[in-house]
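An overview of the molecular structure
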Amino acid sequence: MARQDLRGKVAIVTGASSGVGWQAAVRLGEAGVKLCVTARRVEALEKLRHLMQDKGVECISVPGDVTVQGDVDQVVRECLAHYGRVDILVNDAGVQSYGLFDELPWEHITRIFDINCFGFMRFARAVLPHFRQQGSGHILNIQSMLSKGSAPLLSAYSASKHATLGWAKSLEMELVGSGIQVSNVLVPSVATNMFAHAPTMFGLAPKPVPPTYDPDVVARAVVRCARNPGKTSVPVFLQGRLMLWLNGIAPGVGKFIMGRWGARMQMRDEPVERPEGNLFHAIPQGVGPYGPVPPTPKWKRYSMAAGLAALAGGVVLGVAGLARAAR
Ligand SMILES: NC(=O)c1ccc[n+]([C@@H]2O[C@H](COP(=O)([O-])OP(=O)(O)OC[C@H]3O[C@@H](n4cnc5c(N)ncnc54)[C@H](OP(=O)(O)O)[C@@H]3O)[C@@H](O)[C@H]2O)c1
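Quick look at the structure, then. This structure is a prediction, so every number in the text was calculated from the model and none was measured.

In the vicinity of the ligand, 33 residues are found, and the nearest of them are R40, D92, Y157, T192 and H197. At 3.0 Å from a nitrogen atom of the ligand is found a side-chain nitrogen or oxygen belonging to D65. Contact distances for the ligand include 2.6 Å between an oxygen atom and a backbone N or O atom of D92. When the ligand is considered free in solution it has 870 Å² of accessible area, and contact with the protein chains removes 98% of it. Listed by contribution, the elements that provide at least two residues to the shell around the ligand are α1 (19-30), α4 (106-134), β5 (137-144), α5 (155-174) and α6 (194-197). Counted by class, the shell around the ligand contains 15 nonpolar, 12 polar and six charged residues.

Set out below in structure tokens:
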């Protein structure tokens, strides 16, 4: 498909009060897109709206909860009333909860699905009638490396992201020939407030599996995807393309590392009491793109990549050696 000119297009961005959603809205606005931003926190959305208006970007904010059908319909209605159209839906709103699967409260599991998976579907169903009428439109889903992989303590989150990718892939097939595109961005660990928002069963502050990237890396991938729709984008190398490749050739390596050290890797030595986090109600903390854990410096990422590449090379040589010996 031809590269799209984004100037004058209209995008709804969910989860825009912080993290990836906030930064994706900023980058889309800078690329000439008119914005309708949504999340539950009204003040945060207003802050983003003012920021965009100061940059000369048209932006409206419509608060809402992605689990409430009436709120979702209202966002789409207000966007259409204001701009007369909607071209891009950036499905971003997401939550997670840290705990062993059998210790996670059942309500956490169902709520995670209601937001991460059904929230994406609700918004897609709300815009699709307009997209079909227009004969064009783009549903751009913020996925995760955990839409394909897995991590301990995040079983419900990972399951919801796998489900959402499966749904998106089916939708993409149904829409062939309709002029409507579906894209997915597989996000690695990014330094957002997600880890300051998430509930935990462990009494220690959660942190992302290293290395951690700048959310702007993802925001720029969202803009590239908006320009070239219809793809599943993996924006980074180390915790992205290399990881997927390594998992394909030697799935036991990731399982061994994450099984042994994955749980500890995701906790900071900072006591925290957060049994519900932002699951059921928004919490005021953590507005804007960045969270408490800074992105991993480039030199550290490069050394980790070199280490992993060496490990992968060793595995490939080892397998080749074994195959030769068996002949
Ligand atoms: N951070 C990472 O390492 C990472 C890795 C892979 C994928 N992702 C994906 O990136 C997306 C954004 O996460 P993030 O890192 O930017 O986290 P974040 O800073 O916590 O942002 C989550 C956003 O979702 C909104 N939200 C949560 N529950 C909602 C609800 N019920 N209704 C409406 N909005 C709701 C939050 O706003 P309100 O609280 O104001 O509603 C917030 O704007 C998610 O889909 C996540 O799965 C993140």
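With respect to the helices and strands, S97 occurs in the loop between β4 (88-91) and α4. Overall, the relative accessible area of 1% leaves S97 in the buried class. A distance of 2.8 Å separates a polar atom in the side chain of S97 from a polar atom in the side chain of H108. Once you skip the residues sitting within four places of it in the chain, S97 turns out to touch L104, H108, I112, L153, L154, P199, M201 and L279.

Right, let's get into the layout of surface pockets. Considering only enclosed or pocket space, the second largest pocket measures out at about 180 Å³ in volume. The wall of the second largest pocket is formed by K207, P208, P210, T212, V293, P294, P295, T296, P297, K300 and M304. Across the lining of the second largest pocket, the residue classes break down as seven nonpolar, two polar and two charged. Mapping the lining of the second largest pocket onto the domain boundaries places at least three of its residues in each of domain 1 (10-296) and domain 2 (297-327).

This brings us to the packing of α4 against α5. One can describe the packing of α4 onto α5 by two numbers: an axis separation of 8 Å at closest approach and a directional angle of 20°. Between α4 and α5, the angle is such that the two are roughly parallel. In this structure, α4 meets α5 at a crossing whose hand is right-handed. Residue-level inspection shows I109, I112, F113, N116, C117, F120, M121, A124 and L128 of α4 in contact with α5, the latter providing A156, Y157, A159, S160, K161, A163, T164, W167 and L171. Partitioning the contact of α4 with α5 into residue classes produces 14 nonpolar, three polar and one charged.

Right, let's get into a nonpolar patch on the surface. A cluster of nonpolar residues, W245, I249 and V316, forms a patch on the protein surface that exposes about 270 Å² of accessible area. With respect to the element layout, I249 can be found in helix α8 (residues 237-249). The partly exposed category is assigned to I249, whose relative accessible area is 38%.

Moving on, we get to the pattern of salt bridges. One pass over the full model with this rule turns up 11 salt bridges. For K55, the salt bridge identified is with E30, shortest N-O distance 2.8 Å. Pair noted here: K55 is in the loop between α2 (42-54) and β3 (59-61) and E30 is in helix α1, with a separation of 25 residues, a long-range link. You can call K55 partly exposed: its relative accessible area is 41%. On the accessibility criterion, E30 (40% relative accessible area) is partly exposed. With its nearest N and O atoms 2.6 Å apart, the salt bridge here joins D114 to R122. Among the charged side chains, a salt-bridge network with shared partners connects R27, E30, K55, D216 and R220.

Our next topic: the nonpolar core. Grouped together as the largest cluster of nonpolar side chains are 41 residues, with contacts concentrated most on L28, L35 and V37. Built from parts of two domains, this core gets at least three residues from each of domain 1 (10-296) and domain 2 (297-327). Once residues within four sequence positions are removed from consideration, L35 is found in contact with A11, V13, A25, L28, G29, M52, V57, E58, C59, I60 and Y83. In terms of nonpolar packing, the next biggest core, distinct from the first, is built from 35 residues, V10, I60, A168 and L175 among them.

Criteria and thresholds
Residues numbered from 1 in each chain as written. Predicted model: local features only at pLDDT ≥ 70, side-chain atom pairs only at ≥ 80, totals over all residues. Heavy atoms only, no water. Near = heavy atom within 4 Å. Polar contact = N/O pair within 3.5 Å; in protein donor to acceptor, adjacent residues only side chain to side chain. Areas by Shrake-Rupley, 256 points an atom, 1.4 Å probe, with all protein chains shown as cover. Helix = DSSP H or I, 4+ residues; strand = E, 2+ residues; numbered from the N terminus. Nonpolar A, V, L, I, M, F, W, Y, C, P; charged D, E, K, R; others polar. Buried < 20%, exposed > 50% of the residue type's maximum accessible area, 1.4 Å probe, protein only. Contact = heavy atoms within 4.5 Å. 1 Å grid on protein atoms, 1.4 Å probe; cavity = no way out; pocket = protein on both sides within 12 Å on 5 of 7 lines; lining within 4 Å. Points joined across faces, edges and corners; volume = space filled by probe spheres on them. Domains from an automatic or database assignment. Axes fitted to C-alpha atoms, helices over the stretch in contact; angles between N-to-C directions. Parallel < 35°, antiparallel > 145°, perpendicular 65-115°, else oblique. Left-handed = near helix turned anticlockwise from the far one by under 90°. Patch = residues over 30% accessible without salt bridge, like charges linked within 9 Å, V, L, I, M, F, W, Y side chains within 5 Å. Salt bridge = Lys/Arg side-chain N within 4 Å of Asp/Glu carboxyl O. Core = buried A, V, L, I, M, F, W, Y, C linked by side-chain atoms within 4.5 Å.

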